[in-house]
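Chain residues, written in single-letter form:
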Amino acid sequence: MNSKAQKLEAFSKLLDIMDDLRAQCPWDKKQTLQSLRHLTLEEVYELSDALLEEDLPEIKKELGDVLLHLVFYAKIGSEKGSFDIADVINSLNEKLIFRHPHIYGDGKVADEEEVKQNWEKLKLKEGNKSVLSGVSKGTPSIVKAFRIQEKVKGIGFEFHDAEDAWKKVGEELSEFHAETDLDKKEQELGDVFFSLINYARISGINPDSALERTNLKFISRFQKMENLANERNLNLSEMPLEEMDLLWEEAKKN
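Along each chain, the written sequence defines residue order, and numbers are assigned to residues from 1. Under the rules for a predicted model, residues below a pLDDT of 70 receive no local features and side-chain atom pairs below 80 are neither given nor counted, while totals for whole chains, interfaces and linings still include all residues. Just so you know, side-chain values use all the structure's heavy atoms and leave hydrogens and water out.

In the annotation of an unreviewed UniProt entry, the protein is listed under the name Nucleoside triphosphate pyrophosphohydrolase and assigned to Chryseobacterium suipulveris.

(A) The arrangement of the overall build of the protein in detail. Only DSSP runs of H or I with at least four residues qualify as helices, and only runs of E with at least two residues qualify as strands; both kinds are numbered from the N terminus onward. Counting secondary structure elements, the protein contains 12 helices and 0 strands. Traced from its N-terminal end to its C-terminal end, the protein shows the element sequence α-α-α-α-α-α-α-α-α-α-α-α. Values of the radius of gyration come from C-alpha atoms, whereas the globule rule sets the reference at 2.2 Å times the count of residues to the power 0.38. Scaling as 2.2 N^0.38, a compact globule of 254 residues should have a C-alpha radius of gyration of about 18 Å, whereas the protein reaches 24 Å, well beyond that. Projected onto its principal axes, the C-alpha coordinates of the protein cover approximately 65 × 50 × 40 Å. Exposure is judged per residue with a 1.4 Å probe applied to protein chains only, and the accessible area is read against the type maximum: over 50% gives exposed, under 20% gives buried, and values in between give partly exposed. Looking at the 254 residues of the protein, the share that counts as buried comes to 22%. We get accessible surface area from the Shrake-Rupley algorithm with a probe of 1.4 Å; when it comes to residues, only the shown protein chains can shield them. Within the structure as shown, the protein displays about 18000 Å² of accessible surface, and the carbon and sulfur contribution to it stands at 56%. Under the counting rule used here, the positive set is Lys and Arg, the negative set is Asp and Glu, and His together with the chain ends is not counted. Charge coordinates come from a single atom per side chain, which is NZ of Lys, CZ of Arg, CG of Asp or CD of Glu. Computing the positive centroid from 36 side-chain charges and the negative centroid from 50, the protein places the two 5 Å apart.

(B) Inspection of the pattern of salt bridges at higher detail. We define a salt bridge as a contact between a side-chain nitrogen of Lys or Arg and a carboxyl oxygen of Asp or Glu at a distance within 4 Å. Enumeration according to the criterion identifies 10 salt bridges in this entry. For Lys75, the salt bridge identified is with Asp19, shortest N-O distance 2.9 Å. Taken together, the positions of Lys75 in helix H4 (residues 56–79) and Asp19 in helix H1 (residues 4–24) put the pair 56 residues apart, joining distant regions of the chain. The class for Asp19 is partly exposed, based on a relative accessible area of 35%. One salt-bridge network, held together by shared partners, links Glu58, Lys61, Glu62 and Asp65.

(C) Region of the structure containing the environment of Val143. Topologically, Val143 is positioned in helix H8 (residues 141–153). For Val143, a relative accessible area of 29% puts it in the partly exposed group. Remark: the alpha-carbon pair of Val143 and Asn206, spanning 63 residues in sequence, is separated by 9.1 Å.

Below, the structure is given as structure tokens:
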């Protein structure tokens, strides 16, 4: 592994390259905060894929892509006279020190859960008007629900255990099945999803990761099913469901 001096040298070189690109590259010169935003989201999702696969070489690559975007935003901020990368890092350092009084102060914590609770309480001291003010509007729904539940847990608004959370799932399912109005049924389905996410979280399962793994598993099996059909000169779209089910089971075994 690299020494601290080597790490600082590498980061310094990245800043120099960013300066060169911004001054000389036609594409980099044109970029704005808004033009980079959707590209940043793509890079984060690519990093997420690599993390799910635990592909360390790919994680290294994708981390570099995300880091480039962070440096890029800071460069644009400096051009606007608002902030530069040092301001970004110094602000982060101050926040981390303030929110870890058990490390940098005289605070005491018993375990990880108490750290999380203190984190949310300290955020309120920083001026946040609500425990939920830090939840991004653009966050995907499953992740947003998970973060909402994590944040309110930080001030003690939480089921006693997973069993209580599962009872809530049952209640919401009953309400969903009992509803006949389509609009209200949609609302009840949202409650079912929210309660399932809550149960998963309390049980120590990340629901977003769980669903994405199922997505990947389904894609893999369905593509195997397509390959089996092609090998036998079969057209899936013309096959009855019962025959497709047989291929699906064969794909699962393979």
